[in-house]
Each structure stands twice: as C-alpha cells, then as structure tokens.
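Structure at a glance
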Amino acid sequence: MPAVVACGSSHTASISRRGELFMWGLGSSGELGLGQWSPLELAVPRQCLVSTRIVSIAAGANHTLAIAETGALWSCGRGRDGQLGLGTNMDHPRLTRIPTLE
C-alpha cells in the first residue's frame, strides 16, 4: 500500500509503508532510477532497489529525488543542467546518492 506519491511530467514515484521505492511511466532520461536508458516505458510499478529505506520523494519533469531514513539524498534522471547534484551535467539512469550532502 503506498504511503507517498510524487508525479513528474511523464513518470510517477511511490514509497510503500515499508520504505520501498516504486517507479513507473516514461523513463527517457533515467528518471525511473532503474539503471536503464530509453526507451523505457513501464505501465506497472517496478521496485527501484536502493540500499536504504526511503522516507520522502520529489519528482521534477524528468528527474527524481529521494530522501533516505538516514537523511541521505538520492537522485536520478535528467541532469543536463546540474539539477541532480552529482557534480556533472549528465543524465543518470540509476538512483545515486549525492555524496556532498552527507
């Protein structure tokens, strides 16, 4: 059962009550965080495997951010303008922890 839901332009993210992250929709820029490039269109939720419990999510037009119970911030998707906080201007198809915020 979902506890939190966030919607981007063409994708959706949801957190279960156990802290599991699920993504679905269009992942053309990696915004689903599943480690796969476009064309990736999921009509049903797929679990995004991360090594921690997720407590909050936010979805931009083509990127997704997640906060872990430890306070660590994770991001994935379109990063062409540096919006992922990973120190590059590249897209990232896998949910990646932002090391500078620890």
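Residues numbered from 1 in each chain as written. Predicted model: local features only at pLDDT ≥ 70, side-chain atom pairs only at ≥ 80, totals over all residues. Heavy atoms only, no water.

What follows is about the state of the cysteines. Inspection of every chain in the model, using the stated rule, returns zero disulfides. Here Cys 7 is not disulfide-linked; the sulfur of Cys 76 is the nearest cysteine sulfur, at 15 Å. By relative accessible area, Cys 7 is classed as exposed at 54%. Here Cys 76 stays unpaired: no disulfide links it, and the sulfur of Cys 48, its closest cysteine neighbor, is 6.1 Å away. Given a relative accessible area of 0%, Cys 76 falls into the buried group. (Disulfide = S-S within 2.5 Å. Buried < 20%, exposed > 50% of the residue type's maximum accessible area, 1.4 Å probe, protein only.)

Here the focus is the environment of Trp 24. With respect to the helices and strands, Trp 24 occurs in strand β3 (residues 21–26). Here the alpha-carbon distance between Trp 24 and Cys 7, two residues 17 residues apart in the chain, equals 9.9 Å. Those residues in contact with Trp 24 that sit more than four places away from it in its chain are His 11, Thr 12, Ser 14, Leu 32, Leu 42, Val 44 and Pro 45. (Helix = DSSP H or I, 4+ residues; strand = E, 2+ residues; numbered from the N terminus. Contact = heavy atoms within 4.5 Å.)

With that settled, the discussion passes to the sheet that holds strand β1 (residues 2–7). With respect to topology, four strands assemble into an open sheet ordered β1-β2-β3-β4, the strand pairing being antiparallel. Lying at the two open borders of the sheet, with one neighbouring strand each, are β1 and β4 (41–48). Neighbour-to-neighbour, the strand axes of the sheet open up by a mean angle of 20°, direction not taken into account. With five bridges connecting them, β3 and β4 associate as antiparallel partners. Paired with Phe 22 across the strands is Gln 47, a residue of β4. (Pairing = 2+ DSSP bridges. Axes fitted to C-alpha atoms, helices over the stretch in contact; angles between N-to-C directions.)

Nothing here speaks to function; it is all geometry.
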